[in-house]
Each structure stands twice: as C-alpha cells, then as structure tokens.
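Inside the fold
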Amino acid sequence: MVSFIVTFLLSFVAYLFLTASQGEILGLWSNYEIIAALIISLIVAAMASRVLFQKKSYHLLNPLRWVIFLGYLVGPFFFAMAKANIDVAYRVITGKINPGIVKISPNLKNDAAITLLANSITLTPGTLSVDIDEKNNDLYIHWINVTNLKPTIEDICGSFPIWARRIAE
Amino acid sequence: MNQLLNIFLVPGVLLILFMLISLFRLIAGPTVPDRVVALDTINTLVVAGMILFGAAFEEVIYIDVAIVYALLSYIATLYIAKYIERRAKNR
Amino acid sequence: MTVLLVILLSIGIFFNGLGSIGLMRFPDVYTRLHAATKCTTFGSIFTSLSVIVFGFYLWGASGDSKYGVLALHTIVALICIIITNPTGAHAIARAAHRSGVMPKQAVIDELKEANLK
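Rules used throughout
Residues numbered from 1 in each chain as written. Chains lettered and ligands numbered in written order. Predicted model: local features only at pLDDT ≥ 70, side-chain atom pairs only at ≥ 80, totals over all residues. Helix = DSSP H or I, 4+ residues; strand = E, 2+ residues; numbered from the N terminus. Rg over C-alpha atoms; globule rule 2.2 N^0.38 Å. Buried ≥ 20, exposed ≤ 12 C-beta atoms within 10 Å, placed from the backbone. Contact = placed C-beta atoms within 7 Å. Pairing = 2+ DSSP bridges. Core = buried A, V, L, I, M, F, W, Y, C linked by C-beta atoms within 7 Å. Axes fitted to C-alpha atoms, helices over the stretch in contact; angles between N-to-C directions. Parallel < 35°, antiparallel > 145°, perpendicular 65-115°, else oblique. Left-handed = near helix turned anticlockwise from the far one by under 90°. Nonpolar A, V, L, I, M, F, W, Y, C, P; charged D, E, K, R; others polar. pLDDT = per-residue confidence, 0-100.

**Structural notes on the overall build of chain B**
- A count of helical and extended segments in chain B gives three helices and zero strands.
- Starting at the N terminus, the α and β elements of chain B follow one another as α-α-α.
- Its C-alpha atoms give chain B a radius of gyration of 16 Å, more than 25% over the compact-globule value 12 Å for 91 residues.
- Scored against the burial criterion, the 91 residues of chain B give a buried share of 41%.
- Relative to all contacts within chain B whose residues are 6 or more apart in sequence, the contacts with residues 24 or more apart total 48%.

Okay, structure coming up:
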C-alpha cells in the first residue's frame, strides 16, 4: 500500500513538471490537465507499484534523509567535484598519469548506499569505480595517480562512506 | 533581446566542434570500449547542445527532446556494455 | 545579468572542450573515461545552469510562463544527465575489464588477481 501511494505521488509530480504551461491553477496548469494527471498516475501506480521497494524497506522515505542528501549535494560533493575537474584539467594538459586498479572495503550493507558511494567516487578526484564484489561489497577502483599500493578509505574517497551511511542506511 | 540570443548560439556551435573532435576517437579507437566511450561523450554533448539551442531559439520542445534523448542514449550505452561483456564470456 | 551568463557559459564550454581533448590525448580506455565522464558532466551542469538562470530571470522580468517552463524542463534534463552519466561510465568500465582490455602503464591491478566472474 505504501509503495502504491509513493508511486502515485511520484508519477503525479513528474507529469505536472513536464506539462506546465498556461492555465487557471497557479498560472501554470489547467483543470483538465490535473484530471488527466490523476487518471494517468493511478494507472501507472497500479501497474508499476511493485517495481519500487522490492525488498520492503521503507527507511528511504524519511524526509530528514532527503534534507541531508540535498546538503550533501551542494556542500561537500560539489566542492569535491570542482576539485576533481581541476585535477583532470591538469592531467589532460601535462599528460602525467600513474594509473592502477585498487580495492577498498567500505563495509556498507545497503544497495542504495553502495550505489550512492559508487556514483560519488566516479565523479570525484582521480577515481572511477570499475567493478563490485557482490558477496562482501568490496569496490574495485581505477585510480589515475596511485600514491600507495594499499590505500585506506580516506585516500580514495575522503568522508563519502560516512555520508552514504548517514543518508541511505 | 537580440543580444541575449547570440550569447547561446556561439557556445552551441563550439559544442558541435567538440563533437567533431570526439568523432575522431569514434573512428580511430583501437578497441570497441574506446568507441563506446566516444559515443557516450558525443551523447552528453548533444544533450547539452540541445538545451543551449532550445534557449537560443526559445523553443521548449527542444528541451523535451533532450530529456528523451538522454534517457534513450543511457539505455543504449548500458545495452552495448552488456553485449560486449557477454560476447567476451562466450568466446 | 549578461556578465553572469557569460561566466557560466565559458566555464561550461571550457570543461566540455577539455573532456573531448582528453579523449584524444589519454592512452587507454579507463583514463579516457576519467576525462569524458567528469569533464562533460561538470561542463553540462554549468551550461544548463546558465539556461536555468536565463529562464527564471526572463520569467520574473516579463511574466511569460514560457520561460519558466524552459527553466523547469532544463532542471529535469539536468537531473537525467547527473544520474545517468556515472552509471553509464561504470557499465563501460566493467564491460571493458571483463572483455580483456587491460589498463596500460598500470602499477597495480587487483581486479585481475581477484578474477571474479
């Protein structure tokens, strides 16, 4: 039931976002558009409510986690991304590289947390996630400038596992 | 207004130039993953360029097309990656 | 206003161009993925941000909701780019390594030793 309501609300908001133009309600939507949005999102929710939440874990619905996620996006994540781009710019111009593939064990259990961490690693300085060991969730990471052969987690991704645990676990 | 329109046109043309540079890698790339990387880069540049041209000509429909293009090119990239992986396993 | 747009656009164009030049200069698939993914994502964020600022500014100035729609749709396209780009890069890197393309000049390769299938 929770998954039905969440799917309905998500598709309703997406429909309204994509069809905003002139009309009576807030100057953006007309009445017929709202009715069409209701009908279409009911159909979508009836068909696709089992796709989200396949493991019956609803802790991602907590609004506090969304606020932390937004703070993470505009704060430390954006700063690390700007640093990454200046680093890549330096390596494109000078051509100094020292690559290798290393392994880290962040000890995260949740699929959402692993996804968030892997995407953050891909977009931040000098690292790119290549593969995952699905038994114990070790990440294999291509590092463009290897400084030590047995890296700690702080060498690769700084404080990102702490944030990922706070947001998604 | 006319002056603001020119602001978005010049970067759009520059993006087309960068697409041509990436096209060299698509033609010359020694392995298949190289070509897929070049294709992925060109797709991202096409989406960014469509957004810029949509702002330059003030047409919202360009940006709708850009959204659909981004999602479809993502699915195409995933599918080619799966294909490469499976072909290597069967050999 | 125009100055802000020019600054955002030039940052975006600079990083997009760096991405395609890095695609030409780097020696193997993985380092090319570094250049292509990071630089084009960051550049596209800045060019889209300039369109969003332009749309909201004209919406406030002229009251025509067409410009607001332009900005809202650009936000949706930007979210699509940010989510799909690193995931696609991860898929390509994994497929490249499993199909036997090894990183050149590598000092260490733990994935080859682990040998997962």
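There is more to say, and it comes next.
**Quick look at the overall build of chain C**
- Summing up its helical and strand segments, chain C has four helices and zero strands in all.
- Seen in sequence order, chain C has helices and strands lined up from the N terminus as α-α-α-α.
- In chain C, of all internal contacts separated by at least 6 residues, the share reaching a separation of at least 24 is 61%.

**Considerations on the pairing of strand β2 (residues 127-133) of chain A**
Residues and elements named next belong to chain A.
- With five of seven residues buried, β2 is to be regarded as a mostly interior element.
- Where β2 lies against strand β3 (residues 138-143), six bridges are found, and the strand directions are antiparallel. Paired with Leu128 across the strands is His142, a residue of β3.
- Two successive antiparallel strands, β2 and β3, enclose a turn made up of four residues, where Asn137 displays a positive phi of approximately 55°.

**Side note on the nonpolar core**
- Core analysis: the biggest nonpolar cluster contains 77 residues, and Ile141(A), Ile51(B), Leu52(B), Leu33(C), Ala77(C) and Ile92(C) have the highest contact counts within it.
- Sort the elements by how many residues they give to this core and helix α3 (residues 65-98) of chain C lands first, with 14 residues.

**Details of the packing of helix α2 (residues 32-57) of chain B against helix α1 (residues 2-25) of chain C**
- Direction vectors running N to C along α2(B) and α1(C) enclose 165°, while the axes themselves pass 11 Å from each other. By the criterion of interaxial angle, the relationship of α2(B) to α1(C) is roughly antiparallel. For the crossing formed where α2(B) meets α1(C), the hand is left-handed. Judged by residue contacts, Ala38(B), Thr41(B), Leu45(B) and Ala48(B) of α2(B) engage Asn16(C), Gly19(C), Ser20(C) and Leu23(C) from α1(C).
- Here the contact of α2(B) with α1(C) is composed, by residue class, of four nonpolar, four polar and no charged.

**Examining the interface of chain C and chain A**
- Taken together, the contacts link 35 residues of chain C with 35 residues of chain A.
- The set of elements that each furnish at least two residues to the side of chain C that touches chain A consists of α1, α2 (29-62), α3 and α4 (110-114) of chain C.
- For the side of chain C that touches chain A, the leading source of residues is α3(C), giving 11 residues.
- Across the side of chain C that touches chain A, the residue classes break down as 20 nonpolar, 10 polar and five charged.

**A closer look at the confidence of the model for chain B**
- Confidence in the prediction for chain B averages 84 pLDDT; 93% of positions are at 70 or higher.
- No element of chain B has a lower mean pLDDT than helix α1 (residues 2-28) of chain B, which averages 80, and none a higher one than α2(B), which averages 88.

**Structural notes on the sheet that holds β2(A)**
- Read from one edge to the other, the open sheet built from three strands follows the order β1-β3-β2 (chain A), with strand pairing classed as antiparallel. Two strands in the sheet have a free side with no partner beyond their single neighbour: β1 (100-104) and β2 of chain A. In this sheet, adjacent strand axes meet at a mean angle of 30° when their direction is disregarded.
- Contacts between helix α4 (residues 111-122) of chain A and the sheet are confined to β2 and β3 of chain A, with β2(A) contributing the most and set at about 150° to the helix.
- Across the sheet, α3(C) lies against β2 and β3 of chain A, angled at about 65° from β2(A), the strand it touches most.

**Here we look at the interface of chain C and chain B**
- Taken together, the 42 residues of chain C in the interface contact 39 residues of chain B.
- Examining the composition of the side of chain C that touches chain B, we find that 17 residues originate from one element, α3(C), more than from any other.
- Here the side of chain C that touches chain B is built from residues that sort into 23 nonpolar, 16 polar and three charged.

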